[in-house]
Amino acid sequence: MNDVTPDDGADGPVVVRLHSSCTAQEVSTGEYYHATVNGVVDYGIFVDISEHVSGLVHESTFDGGESFDVGDEIVVHLTEVRENGDLSFELADLDDYETVERAHSYERTAAAIVGQRVGDTVHVEGEVVQIKQTGGPTIFRVRDDTSAVPCTAFEEAGVRAHPDVEVGDIVHVKGDVEEREGTYQIEVGELDVLTDEDATDIARRLDAALADQAEPVDVDPLVDWPALEQLLPDLRDVARTLRRAVLEGRPIRMRHHADGDGMCASVPVQYALTKFIEDAHQDDDAPRHLLRRLPSKAPYYEMEDATRDLNFALEDRARHGQKLPLLLMLDNGSTAEDTPAYKTLDHYDIPIVVVDHHHPDPEAVDPLVDEHVNPYLHGEDYRITTGMLCVELARMLYPGLTDELEHVPAVAGLSDRSKARAMTDYLELAREAGYDETFLQQISEALDYEAYMLRYDPGTDLINDVLNVGGDEERHRDLVPFLAERADEDVDEQLDAAMPHVEHERVANGANLYRIDVENHAHRFTYPAPGKTTGEIHDRKVEETGEPVITIGYGPDFAVLRSDGVRLDIPVMVEELNEELPGAGVSGGGHLVVGSIRFVPGMREAVLDALIEKMAEAELDEELRSAPTR
Amino acid sequence: MNDVTPDDGADGPVVVRLHSSCTAQEVSTGEYYHATVNGVVDYGIFVDISEHVSGLVHESTFDGGESFDVGDEIVVHLTEVRENGDLSFELADLDDYETVERAHSYERTAAAIVGQRVGDTVHVEGEVVQIKQTGGPTIFRVRDDTSAVPCTAFEEAGVRAHPDVEVGDIVHVKGDVEEREGTYQIEVGELDVLTDEDATDIARRLDAALADQAEPVDVDPLVDWPALEQLLPDLRDVARTLRRAVLEGRPIRMRHHADGDGMCASVPVQYALTKFIEDAHQDDDAPRHLLRRLPSKAPYYEMEDATRDLNFALEDRARHGQKLPLLLMLDNGSTAEDTPAYKTLDHYDIPIVVVDHHHPDPEAVDPLVDEHVNPYLHGEDYRITTGMLCVELARMLYPGLTDELEHVPAVAGLSDRSKARAMTDYLELAREAGYDETFLQQISEALDYEAYMLRYDPGTDLINDVLNVGGDEERHRDLVPFLAERADEDVDEQLDAAMPHVEHERVANGANLYRIDVENHAHRFTYPAPGKTTGEIHDRKVEETGEPVITIGYGPDFAVLRSDGVRLDIPVMVEELNEELPGAGVSGGGHLVVGSIRFVPGMREAVLDALIEKMAEAELDEELRSAPTR
Amino acid sequence: MNDVTPDDGADGPVVVRLHSSCTAQEVSTGEYYHATVNGVVDYGIFVDISEHVSGLVHESTFDGGESFDVGDEIVVHLTEVRENGDLSFELADLDDYETVERAHSYERTAAAIVGQRVGDTVHVEGEVVQIKQTGGPTIFRVRDDTSAVPCTAFEEAGVRAHPDVEVGDIVHVKGDVEEREGTYQIEVGELDVLTDEDATDIARRLDAALADQAEPVDVDPLVDWPALEQLLPDLRDVARTLRRAVLEGRPIRMRHHADGDGMCASVPVQYALTKFIEDAHQDDDAPRHLLRRLPSKAPYYEMEDATRDLNFALEDRARHGQKLPLLLMLDNGSTAEDTPAYKTLDHYDIPIVVVDHHHPDPEAVDPLVDEHVNPYLHGEDYRITTGMLCVELARMLYPGLTDELEHVPAVAGLSDRSKARAMTDYLELAREAGYDETFLQQISEALDYEAYMLRYDPGTDLINDVLNVGGDEERHRDLVPFLAERADEDVDEQLDAAMPHVEHERVANGANLYRIDVENHAHRFTYPAPGKTTGEIHDRKVEETGEPVITIGYGPDFAVLRSDGVRLDIPVMVEELNEELPGAGVSGGGHLVVGSIRFVPGMREAVLDALIEKMAEAELDEELRSAPTR
């Protein structure tokens, strides 16, 4: 405590005038304080002795007769600090006294400016956001309302200093500022975990700063489209959550559907987050630790993937002292099949955010996730693709990306065959940015081809060139036609083998039914995979016949279904098949015109026969055209 | 040599009085020494001139008539240092001489206390345990009888200093102690490889210290069980070998069966070794380099795995200058099928230690391994599970783990369906620690489920939570029922598909034989895998019938076998099948009631028919109940 | 500019005498210079005012009547520096003038000797070969004609300093030499990108130095063999290209066929390049970043592999500022099937070098690669194996390797069953080096076995021991017979299962045709794989019958073909099969006596029947014996 005694010659008791920044740690029982009345109740008065320190003067301690108003300046005597931290004062009626000023015991330095104080001893207050044990000192990363600063503490080589301090604690650090290879750090002298009021104050301050910094960029949507408009508030919430995660030093693990729309969704968000992370952490290397994009082949979040993600996150926490990540599901994640994986992560309090346009099951999903954006939740459907949503999200995450992303919603729409009216606007927007529809279609095919070739690898630099988001424009123009042509050739080769084995029958409702054994009559383990092969066959048959078409591509334990002009309610069919065929183990789903099912291999013939019977009775509907496959 | 001449005015020849710490490097032919007789033989007398330096005075050099007793103080003349290092003295009969004291040329500093000598020049003697080439200096890690210390030597950037020095050499290092980021190191001034007597002395000193430090913790077994008691000396040997490996800086590579018992065996050992490594190396990061736990799906050590392990070890040696590892096989490793892999490692002198409870083939295995612990080698059987053994091993490896491991043997026993009488005690022990049997069973199921989900990844943090060894207690209580329930649901779904396709027949010996094509009538590539699926079907049929039951779950090239109440000698059956069916390529094995075989797909029907014929004639035995599957 | 005025008392205008090292940056319009005539043309004279600065004195500026000869010393006046950098002078006719000397504004320090200038400010000129952003400074690696030196520039922690400077720029760096952990670096004061003449000069200097340093080692081939002799100039070009890549800091990514010959080709090249990289970069760690050997299972460069390689290269560029790599294809890469992958890399200007001995398609390949060495391009054939070629290549890459590689061509030849006459010489060479033919054969088998066990891992240390190239001789002698025996045992076990199911028929041309379903009558996923299994069966049948033999090993979608004494033109057969069987999707190829084809599973029977029909009509040819399988 830094008392300054004014030279006033008085010889009565000492009355302390606390600096407004003083905390409860700087008062002692028995001392007198200058106080201001801030509340009058019938059992006494409340007084402030600093901005942070208050207490009660019980009316039983009054001499009698006094009457107080808020704002009165009085002198009080601290008689007791209770266990819960409450202070009890008595009114002090002193004739003569000496006043001393007491400054706050330290002057706080903002983390953002420690670089200006090299060589000085400084005080920083903030939250511990990372703890990393090196072979030498322990490094505590402390974030205040301005920035984060590494604080190194040394106990013994490789031994954790301050073992009681944990990530999330609010601390006061006193230490010397050092420069090391151009970065600044504080060599810790004292490191105290704050509690009670002090901690609450600081946490509130950090929170306010965070809320401010996390606020999304205010942008108008790329096209004027009321359907999309409804989803913008949800997307703004997601943007806020993601920006906040970045500011808090929480890693983001992005899982997305490994197809064209999934790429158009995840790549712009990855691009925007990378830029925001670099800015917020002032470190070009930070995105490598804090952001990971992972393509998923399955149409839902598999337990194996969740287990692997969790395991990876726990190792990162152990090795690098990182927080557990936020999971961001893109173009995937809205269905009940995702929930076992979500529940696993829930045991570790890992936040989950979903942006998807596949038919959602909000009852199953919503209780487990922090945000869930899906057009079906607003009465819309898959025609608003995830890529369209995520381009808006990316623009909310980081300013100035509009020009680089204008062509992406069109690619997303073409990839998922969106029949949205806004497609006209998106195509026009892309055309103005220099992309004609043929070329956009080629981008879509190139993305699909590269998604296959990369398998589980995000291939960020390569995909950035293909989609031309943060990539090389010239290479993009060069690479896309080449890859699209490769994809075409491979499709042609596959169809050369498959087409002669496509079987045709006209079923009861008049539709053409085509079936092909894609395991036996197509090349295996090459592009295109069975789902795409089936889709290409279907498209050719639709064009060829101009009539209602159903196509089934089946393997030993799966079937891919496509329809044009016939209404297939696949979830209902799956349910019926399971009832009719015990032991067939049928699962799967889809929309009205596209889907896929799985079954046990030994029941394949029975399942296909029953399925075709159902399809033969399905209702014809000329409105229905193919939608995104997965 | 630091001679100190006492000011005694004498002018005869100089006689050296060596300090007791002097070594043979500090004597020279032609000098006179004060000596003490330490042995009298008929061809002369042996004398000590320091604690470390001795030699013979041949009787031919005596003037005659002298007679010596052990302890006599005499003066000798060094006439020859032979090639083998032996010293030959003559008796010196000097009237007048001057005595000089010769101190040991340096004062040795214990590696453990170099941190107290920052800035000083010190001498350290010890063994080189690691050599690492950095882009700058070469780092030699030198271990003496107290600790290990890094010694940095610089020749040219990135160029190996002292290229002749190798890991394992005994050296004398002279250099300045520096502190760098809180760790201490010696900047090498001189680095000499010691040989002969000096090296032998130091090696002996290190060995004695090592033997001492490697001594296992003295613990009483968790339960009073004579069968287990017999194996404790073997386990103590294993504990000693592992502790010694840690102290010598040798990495440990742990391979274990990826099932419940294998986890209960390996996780406590990993936990204990991690703590011991941290202590011994004073570095929280050391376990990451020195210990690796790897689950194996196969029931033996495959050549592919051994090749990969060896390759990994050689790379680590090249990149980090590490010793080649010790291989620790847990709940795997006792059979002849393991030997080709062992032989491969043997070419690189990699030590192998096995703790297993599967039927062993000691004749094949023992010549190739350093330690082999198996209950069958003591007339016991699989009922003493590897998990039970390894909990005792872990307690010998590191003190104070008892409380954290008391529930593990019960989980191990339940996982492998141990019918040991001691199970009662283990269950009681777990109950007292707060784990009822239902919950223990859930842990076992959760472990099995996570082993499937993690595949080849150890998933250490996750598994620690599931087993609650070094994990988070609260999360453990939360996670286990969730995972057990998930596993149950998946089993139910699998059995829904499979059960309608189980075929039944009553065979000649009256047993119920059930068979199921698990490839065609179960979901593929999902939990539970074929072995577990077969086991679950079997268990339900046993419960349903209450009679002797045999179950066969088969795929294209394998069959899983289970029996209750029927004695199947699977190894004999395999032998007979191979004789009867040329070209079937049958292999595999198991116990009396559980096993699995492989064959070439084209011979499946023939193999199954012949197998069932044999089973139909197998002897009924009510005592036999199912044992651990693998 | 550092002008030094000699004390000559003159008072006329100043004439500058430039130091010969001065550049165009050190001249100014309006100044007078001492010049030397270096060319006389009818429109004027060309003059040099320093080694690097020249210009024209137009005849229109002459007073008249003057006549000049090359070598004349005159004074000129600089009137104009044109946009393109050309200098225009006038002749200066001065009676009285003062001469000042102007030194080059800095004295260049060779990168190779900055270590001798610690603490001094130096100037280095060279090319930026790597830019790496650290958490602190940015590190520019600058190479001049002597060596490369890291230059650290600091803008703000983790922020790219000099963001305009790119890899490939020619720069002038001024800064202080520091020593850090034994390596030298320049702390950048100034860093300028040079353009125009200065840059051209330096680039020319670097190029000349590089060309010099890249020149291959001059070696005589190991054996006297005219067929091989023809290919040496091609190999020398490859050696030059590879050495140059190393000197330029370009990583090399080596893809090779994962069989015996492929190993014998790639391991010596890896060994030689490793040594050359260590020398050139003075860093034992550099090979880890700059060289990668990757085995390929497929007989051509698959798009998936190319995509993965490209993705990896782009990541390395982003993370470590490395150049994109050079791709070196060994024992693979000569066929049209490789071209889609090559085209992908071409979009990123990745250079490609091929050394192969499989039947090439130069029309498809040559336009896409920088070098293509193949014996067929010189009228030779597969008998000159890639291993034989690459041993010569390795010897051109690094001096003094002859003794260590003498046995390798013999192993390569045995692995690929080369019938070259030079095999006698190679075997004799190996015999003199201590390897008898039996042992060489064992090395070949051990390599094949380890290639299987390692799958996609290069396993460098292990393979070096097996082939004894940079390995441990004693271990080599020990390991090879062990692995060869393991391989033999596995082959025997496989053939025990398969042999009883080999079907025989004598076909029209009198040859014995053997066929085996290797998927159904051999163990799967174990050594030996189907191709090797088929080959072993074939070899046994050839030996057994002593007659013409064709063997077909088939699986669900492939067939491996082998012949002795029958001429199979496999590419023609593939073409015919595709015409005759629409929807069979047949692909593949091979030589006259060995090959493999793929087809869609559902057409297997039709394909095999048609294939056998063709084989039955194939021409017998006693000369033909089996060649390398792949």
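Please refer to the structure higher up on the page.
This report concerns the structure included in the present document. Numbering of residues starts from 1 in every chain and runs along the sequence as written. Written order decides the labels, with chains lettered from A and ligands numbered from 1. Two thresholds apply to this predicted model, a pLDDT of at least 70 for residue-level local features and 80 or more for giving and counting side-chain atom pairs, whereas whole-chain, interface and lining totals are computed over all residues. Heavy atoms from the whole structure form the basis of all side-chain values; hydrogens and water molecules are not counted.

Structural notes on the interface of chain C and chain A
Thought 1: Whether two residues are in contact is decided by their heavy atoms: any pair within 4.5 Å suffices. On the side of chain A, 34 residues touch chain C, which itself brings 36 residues to the contact.
Thought 2: By buried area we mean the combined loss of accessible area, with a 1.4 Å probe, across both parts when two parts are placed together. In total, chain C and chain A occlude about 2900 Å² of area from one another, counting both sides; carbon and sulfur atoms represent 55% of this.
Thought 3: It is Glu304, His347 and Tyr348 of chain C that lose the most area in chain C upon contact with chain A, and together they represent 20% of the buried surface on that side.
Thought 4: Salt bridges are defined as contacts in which a side-chain nitrogen from Lys or Arg sits within 4 Å of a carboxyl oxygen from Asp or Glu. Taken together, chain C and chain A are joined by 2 salt bridges.
Thought 5: Here Glu304 of chain C and Arg455 of chain A are joined by a salt bridge, their closest N and O atoms 2.9 Å apart.
Thought 6: Residues adjacent in sequence count toward polar contacts only when both atoms are side-chain atoms; beyond that, a polar contact is any pair of N or O atoms within 3.5 Å, and within protein one must be able to donate a hydrogen and the other to accept it. Summed over the shared surface of chain C and chain A, the number is 8 residue pairs in polar contact (both at pLDDT 80 or more).

Some thoughts on the packing of aromatic side chains
Thought 1: In this scheme Phe, Tyr and Trp rings, the latter by its six-membered ring, pair at centre separations within 6.5 Å, and the angle between planes marks the pair as stacked below 30 degrees, edge-to-face above 60, and tilted otherwise. Going through the model one piece at a time under the given rule, you end up with 18 aromatic pairs over all chains.
Thought 2: For the ring pair Tyr301 of chain A and Tyr342 of chain A, a centre distance of 6.2 Å and an interplane angle of 50 degrees mean the geometry is tilted. Here the residue Tyr301 of chain A occupies a position in the loop between strand S15 (291-296) and helix H6 (303-320), and Tyr342 of chain A occupies one in helix H7 (residues 339-346), the gap between them amounting to 41 residues. Accessibility classification places Tyr301 of chain A together with Tyr342 of chain A in one group, the buried group.
Thought 3: Here the aromatic rings of Tyr449 of chain C and Tyr527 of chain C are separated by 5.0 Å at their centres, their planes lie at 90 degrees, and the arrangement is edge-to-face. Here Tyr527 of chain C lies in the loop between strand S20 (512-517) and helix H16 (530-545) and Tyr449 of chain C lies in helix H13 (residues 437-454), a separation of 78 residues in the sequence.
Thought 4: The class of Tyr449 of chain C is buried, set by a relative accessible area of 0%.
Thought 5: Taken together, the ring pairs in this structure connect Tyr449, Tyr452 and Tyr527 of chain A into an aromatic cluster.
Thought 6: If you follow Arg477 of chain B out to its NZ or CZ, it ends over the ring of Phe439 of chain B, 4.7 Å from the centre. Only runs of H or I of at least four residues qualify as helices and only runs of E of at least two qualify as strands under DSSP, and these elements are numbered from the N terminus. Think of it in three bands: with a 1.4 Å probe and only protein chains considered, a residue is buried below 20% of the maximum accessible area for its type, exposed above 50%, and partly exposed in between. In this scheme, the term charge over a ring applies when either NZ of a lysine or CZ of an arginine sits within 6 Å of the ring centre and within 35 degrees of the ring normal.

Here's the deal with the interface of chain B and chain A
Thought 1: In this assembly, 35 residues from chain B lie in contact with 35 residues from chain A.
Thought 2: Here chain B packs against chain A, burying approximately 2900 Å² in sum over the two surfaces, 55% of which is carbon and sulfur.
Thought 3: Run the count over chain B and chain A and you get 2 salt bridges.
Thought 4: On the surface where chain B and chain A come into contact, there are 8 residue pairs in polar contact (both at pLDDT 80 or more).
Thought 5: Looking at the side of chain B that touches chain A, the elements that each hand over two or more residues are helix H13 (437-454), helix H14 (460-467) and helix H15 (473-498) of chain B.
Thought 6: Among the elements that line the side of chain B that touches chain A, the one with the most residues is H15 of chain B, at 7 residues.
Thought 7: Its residues assigned to classes, the side of chain B that touches chain A comprises 11 nonpolar, 9 polar and 15 charged. Residue classes follow a fixed rule: Ala, Val, Leu, Ile, Met, Phe, Trp, Tyr, Cys and Pro count as nonpolar, while Asp, Glu, Lys and Arg count as charged, and any other residue, Gly among them, counts as polar.

Concerning a negative patch on the surface
Thought 1: Together, Asp218, Asp220, Asp224, Glu229 and Asp425 of chain A make up a negatively charged patch on the protein surface.
Thought 2: Looking at the element boundaries, Asp224 of chain A is found in the loop between helix H1 (196-214) and helix H2 (226-229). Patch membership is restricted to residues that have no salt bridge and whose relative accessible area is over 30%. Joining uses 9 Å for like charges and 5 Å for the nonpolar side chains Val, Leu, Ile, Met, Phe, Trp and Tyr. Only the protein chains shown count as cover for residues, with accessible areas throughout obtained via the Shrake-Rupley method and a probe of 1.4 Å. The sign given to each residue is positive for Lys and Arg and negative for Asp and Glu; His and the chain ends receive no count. Charged side chains are reduced to one point each, which is NZ for Lys, CZ for Arg, CG for Asp and CD for Glu.

So, the sheet that holds strand S14 (residues 252-257) of chain B
Residues and elements named next belong to chain B.
Thought 1: The strand order across the open sheet formed by 5 strands is S15-S14-S16-S17-S18, and the pairing between neighbours is parallel. Sheet topology places strand S15 (291-296) and strand S18 (371-373) at the edges, where each strand pairs with a single neighbour. For this sheet the average axis-to-axis angle between neighbouring strands, irrespective of direction, equals 15 degrees.
Thought 2: Here strand S16 (residues 326-330) pairs with strand S17 (residues 352-355) via 4 bridges, running parallel. One bridge is not enough; two strands pair if DSSP finds at least two bridges between them. The axes used here are C-alpha line fits, helices contributing only the stretch in contact, and every angle between their N-to-C directions lies in the interval 0 to 180 degrees.

Here we look at the sheet that holds strand S24 (residues 587-590) of chain B
All names here are of chain B.
Thought 1: One open sheet holds the 6 strands; their spatial order is S19-S20-S21-S22-S25-S24, and the pairing between them is mixed. With partners counted over all chains shown, the strands left at the sheet margins are strand S19 (503-506) and S24, one partner each. Along the sheet, successive strands turn relative to each other by an average axial angle of 15 degrees, direction set aside.
Thought 2: In the sheet, strand S21 (residues 549-554) pairs with strand S22 (residues 558-564) via 6 bridges, with the strands oriented antiparallel. Among the inter-strand pairings, Ile552 is bridged to a residue of S22, identified as Leu561.

Structural notes on the relation of the copies chain C and chain A
Thought 1: When chain C is brought onto chain A, the operation consists of a screw motion whose angular component is 121 degrees and whose axial shift is 0.0 Å, with 0.6 Å RMSD remaining. The transformation relating the two chain copies, once decomposed into turn and shift, fits a three-fold axis. For this overlay, a least-squares fit was computed on C-alpha atoms, restricted to residues scoring pLDDT of at least 70 in both copies.

Topic: the side chain of Glu450 of chain C
Thought 1: Structurally, Glu450 of chain C can be placed in helix H13.
Thought 2: Within the buried set, Glu450 of chain C has no salt-bridge partner at all; the shortest N-O distance to an opposite charge, 8.7 Å, is to Arg486 of chain C.
Thought 3: For Glu450 of chain C, the contacting residues outside a window of four places in its chain are Thr307 of chain B together with Leu462, Ile463, Val466 and Leu483 of chain C.

Some remarks on a nonpolar patch on the surface
Residue and element names in this part refer to chain A.
Thought 1: Together, Val41, Tyr43 and Phe46 make up an exposed nonpolar region whose accessible area comes to about 230 Å².
Thought 2: By secondary structure assignment, the location of Val41 is in strand S3 (residues 32-41).
Thought 3: Classification of Val41 by relative accessible area gives partly exposed; the value is 31%.

Description of helix H3 (residues 232-247) of chain B
All names here are of chain B.
Thought 1: When the terminal C-alpha atoms of H3 are compared, their 22 Å separation across 16 residues agrees well with the 22 Å that a helix rising 1.5 Å per residue should span.
Thought 2: Among the residues of H3, Leu232, Leu235, Val238, Ala239, Leu242, Arg243, Ala245, Val246 and Leu247 are the ones counted as buried.
Thought 3: Taken from the residues just after H3, Gly249 is the one with a positive phi, measuring 75 degrees. A helix is expected to span 1.5 Å for every residue after the first.

In short, shape yes, function no, at least from these values alone.
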